[in-house]
Amino acid sequence: MLAIDFVNTLTSEGDHLEEWLSSQGLPWSEAFGELRGHVEAAVLAARDGLEPDLAPLNAALRGAPSFEVLTWSGAVVVSRSLEGDEVARALAALAGAAAELLASPAVRKVKTCEAPGCRLLFVPAHPRRRWCDPATCGNRVRVARYYQRHKD
């Protein structure tokens, strides 16, 4: 779920977008900050059954048109390639991942982490899951609850 990972770079504490892009082998540009805000808004709107603003995502997709390429590897292999500069291709790839999420039924399952101070989005593997990461956010909530119960 590249789109959810991308949105989570927006909503996590601090701004780790440049670091995340680097880990994905993608170049840095201020345009990613704009796109991630549009992706988050679109995912949250679609999750709630509202019409999202798709114009910014469509613009990113048009920025690097895709085409199919045939290659031979013992058999004909069809792959998709993007035109444009490195940033336009990366923006289009992320917008494409967001488009896949928005068009899938999984968008209705996207949850916002219930831990205080965390705004991460996630698709839960279990319907009762409440935190983006049970080991991090879940543990923080459980520890806070423990201290609240045992406070003098």
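This text follows the structure it describes.
Calculation criteria
- Residues numbered from 1 in each chain as written.
- Predicted model: local features only at pLDDT ≥ 70, side-chain atom pairs only at ≥ 80, totals over all residues.
- Heavy atoms only, no water.
- Salt bridge = Lys/Arg side-chain N within 4 Å of Asp/Glu carboxyl O.
- Helix = DSSP H or I, 4+ residues; strand = E, 2+ residues; numbered from the N terminus.
- Buried < 20%, exposed > 50% of the residue type's maximum accessible area, 1.4 Å probe, protein only.
- Core = buried A, V, L, I, M, F, W, Y, C linked by side-chain atoms within 4.5 Å.
- Contact = heavy atoms within 4.5 Å.
- Pairing = 2+ DSSP bridges.
- Arc of directions from axis to C-beta.

Asks: Can you walk me through the pattern of salt bridges in this structure?
Replies: Side chains that carry opposite charge are capable of pairing whenever their charged atoms lie near each other. Applying the stated criterion across every chain yields a total of three salt bridges. When the shortest N-O distance is used, the salt bridge between Glu68 and Arg80 registers 3.3 Å. Here Arg80 lies in strand S2 (residues 76–82) and Glu68 lies in strand S1 (residues 66–72), a separation of 12 residues in the sequence. Side by side, Glu68 and Arg80 carry an identical accessibility label, which is exposed. For the salt bridge of Arg130 with Glu114, the shortest nitrogen-to-oxygen distance reads 2.9 Å. Residue Arg130 is found in the loop between strand S4 (121–122) and helix H6 (134–149), and its partner Glu114 is found in the loop between strand S3 (111–112) and S4; the two are separated by 16 residues along the sequence. Taking relative accessible area as the criterion, Arg130 reaches 37% and is therefore assigned partly exposed.

Asks: Is there a simple way to think about the nonpolar core in this case?
Replies: The tendency in soluble globular proteins is for nonpolar side chains to be buried side by side. If you look at the biggest cluster of nonpolar residues, it comprises 22 residues, and the most contacted ones within it are Phe32, Leu35, Val43, Leu57 and Leu102. When contributions to this core are tallied by element, the ones reaching two or more residues are helix H2 (17–23), helix H3 (31–47), helix H4 (55–62) and helix H5 (86–103). Looking at this core, the element that brings in the most residues is H5, giving seven residues. Ignoring any residue separated from it by four or fewer positions in sequence, one finds Leu102 in contact with Ala42, Val43, Ala46, Leu54, Leu57 and Val107. Of all hydrophobic cores here, the second largest spans nine residues; its members include Phe122, Trp131, Cys137 and Val141.

Asks: Is there a simple way to explain the pairing of S1 in this structure?
Replies: Successive side chains on a regular strand alternate, one facing one side of the sheet and the next facing the other. Here S1 runs beside S2; their pairing, made up of seven bridges, is antiparallel. Paired with Thr71 across the strands is Val77, a residue of S2. If you look at the hairpin formed by S1 and S2, you'll find three residues sitting between the two strands, and Gly74 has a positive phi there, around 85°.

Asks: How should I be thinking about H6 in this particular structure?
Replies: In an α-helix there are 3.6 residues to a turn, and that puts residues three or four apart on one side. For H6, every residue scored as buried is listed here: Cys137, Gly138 and Val141. Each buried residue of H6 lies within a common arc of 95° when the element is viewed along its axis, so the set occupies one face. In H6, the exposed residues that point more than 90 degrees away from the buried face are Ala135 and Tyr147.

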